[in-house]
Amino acid sequence: MDERLPWHERLWRQLQQRLAAGRLPHALLLAGRVGLGKLVFARRLARALLCEKRTDEGDACGCCRGCRLFRAGSHPDFSAVRPAEDGKAIKIDQIRDLRDFLGLTAQYGGYKIALLEPADRLNLSAANSLLKTLEEPPGNGLLLLVTAQPARLPATVRSRCQTIRFDPPPLAEAISWLAPQTNGGLKPGTLLDVAGGAPLAALAYAGGESWNRRRELVERYEQVLTGQLDPVRAVEYWLQGDLAENLRWLIGWHTDLIRLKMDLEPPCLSSPDLRAVLRRWAKRQPANVLFDRLDAAIRLYTLCSTTQINAQLLLEAFLGDGAGSGEPDVSRTCA
Ligand SMILES: [Zn+2]
């Protein structure tokens, strides 16, 4: 993918101005919802800072020694830290290694750059260890922390970083970027609606796989709610694909149910394409139950993403609580 995304340009220029003025901080926190390209931006910046012949726009040249090493994943002054397994924590040993890395002199005399993603996966002891580095940053070190959930980072860590806030671009701008890439399938506007305006998330939906998984989950969830599918059997569908994404959808639907309960024509829904099916669910249940279910969905997401508790058991309990809570309808298909 082209790393120059149009909605990044303003942030990029601001950063270039800071760099030119010698005011680039030692730690940047790149925050914003999933699908805005924060990691693309962070890597673009790292690559540019390690390049020996930056372009006028401040981008990497693509052909110098620094660029070649970066592309090969072997630049000695760059380190990327991720959880050892998807969905797990970044651990203290990884941060200790990072401190050792940052403490060394840069091999090529420029920056030493560490990229942490997703930074909200730092466990407590790792975050405390990182704090020491943030308090006494080495002269040429730059830490790039990327997160969609900055609130999950300790305030002490956040306060020692300068935040770069990523917001969804205006709809027209997002559509003009997305439309040529969707090959005439689903409408770009619909994809963006469901993706909360985040263009890369919308593009991922256009690929079909996660879009189809989402539709399947809606259908299976309704079958559980109407007592037509055993919750224990339904769990297998929830464990397919990206569990965190599946649970974010679940929270979105439950938020929509409350909006629909309060107002049959709410001005905005997180899943506007599912308006008809969600309206059907909202009708079946009293408001207090819908609020309880939303709380339970949020708790489920939090437990699955922050603890080692068995997700299968949590899902069985959640789906079991909702099972059979609505009468089956004659028309069950998704809108
Ligand atoms: Zn270069």
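Residues numbered from 1 in each chain as written. Predicted model: local features only at pLDDT ≥ 70, side-chain atom pairs only at ≥ 80, totals over all residues.

## Some details on the overall build of the chain
Okay, step 1: Summing up its helical and strand segments, the chain has 15 helices and five strands in all.
Okay, step 2: Overall size of the chain, expressed as C-alpha extent along the three principal axes, is 70 × 45 × 30 Å.
Okay, step 3: Among the 335 residues that make up the chain, the fraction classed as buried is 35%.
Okay, step 4: At a minimum sequence separation of 6, the contacts of the chain that also span at least 24 residues come to 69%. (Helix = DSSP H or I, 4+ residues; strand = E, 2+ residues; numbered from the N terminus. Buried ≥ 20, exposed ≤ 12 C-beta atoms within 10 Å, placed from the backbone. Contact = placed C-beta atoms within 7 Å.)

## Re the domain arrangement of the chain
Okay, step 1: The assigned domain composition of the chain is domain 1 (6-167) and domain 2 (208-322).
Okay, step 2: A C-alpha centroid distance of 35 Å is found between domain 1 and domain 2. (Domains from an automatic or database assignment.)

## A few points about helix 9 (residues 199-206)
Helical periodicity: at 3.6 residues per turn, an α-helix aligns residues three or four positions apart in one direction.
Okay, step 1: Burial in helix 9 covers these residues: Pro 199, Ala 201, Ala 202, Tyr 205 and Ala 206. Each buried residue of helix 9 sits inside an arc of 160° when the element is viewed along its axis, so together they form one side.
Okay, step 2: Contacts from the buried residues of helix 9 go to helix 7 (171-178), helix 8 (188-194) and helix 10 (209-225).
Okay, step 3: Where helix 9 terminates, the next one or two residues include Gly 208, which has phi positive at roughly 100°. (Arc of directions from axis to C-beta.)

## Quick notes on the packing of helix 7 against helix 9
Okay, step 1: It is the contact of helix 7 with helix 9, at a shortest axis distance of 10 Å, that shows an interaxial angle of 40°. One finds that helix 7 runs oblique with respect to helix 9. Judged by the twist between their axes, the crossing of helix 7 over helix 9 is right-handed. Taken together, the residues of helix 9 that come into contact with helix 7 (itself represented by Ala 174, Trp 177 and Leu 178) are Pro 199, Ala 202 and Leu 203.
Okay, step 2: Partitioned by chemical class, the residues of the contact of helix 7 with helix 9 number six nonpolar, no polar and no charged. (Axes fitted to C-alpha atoms, helices over the stretch in contact; angles between N-to-C directions. Parallel < 35°, antiparallel > 145°, perpendicular 65-115°, else oblique. Left-handed = near helix turned anticlockwise from the far one by under 90°. Nonpolar A, V, L, I, M, F, W, Y, C, P; charged D, E, K, R; others polar.)

## Re the packing of helix 4 (residues 92-103) against helix 5 (residues 124-135)
Okay, step 1: One can describe the packing of helix 4 onto helix 5 by two numbers: an axis separation of 8 Å at closest approach and a directional angle of 15°. One finds that helix 4 runs roughly parallel with respect to helix 5. Relative to helix 5, helix 4 is oriented so that their crossing is right-handed. Listed contacts from helix 5 to Ile 92, Gln 94, Ile 95, Arg 96, Arg 99 and Leu 102 of helix 4 are Ser 125, Ala 126, Ser 129, Leu 130 and Thr 133.
Okay, step 2: Grouping the amino acids of the contact of helix 4 with helix 5 by side-chain chemistry returns five nonpolar, four polar and two charged.

## Here's the deal with the sheet that holds strand 3 (residues 112-116)
Okay, step 1: The five strands are arranged 2-3-4-1-5 in an open sheet whose pairing can be described as parallel. Edge positions in the open sheet fall to strand 2 (78-81) and strand 5 (162-165), since each of these has one partner strand only. The average undirected angle you get between the axes of adjacent strands in this sheet is 20°.
Okay, step 2: Relative to strand 4 (residues 141-147), strand 3 runs parallel, the two sharing five bridges. Each bridged residue has a counterpart across the sheet, and for Lys 112 the counterpart in strand 4 is Gly 141.
Okay, step 3: Packed on one face of the sheet, helix 2 (residues 38-50) meets strand 1 (27-31), strand 2, strand 3 and strand 4 and runs near 165° to strand 4. (Pairing = 2+ DSSP bridges.)

## Side note on the confidence of the model for the chain
Okay, step 1: In this model, the chain carries a mean pLDDT of 90, and residues with pLDDT of at least 70 account for 97%.
Okay, step 2: Counting contacts from residues 328-335, a segment whose pLDDT is below 50, to residues more than four positions away or on other chains yields 14 contacts. (pLDDT = per-residue confidence, 0-100.)

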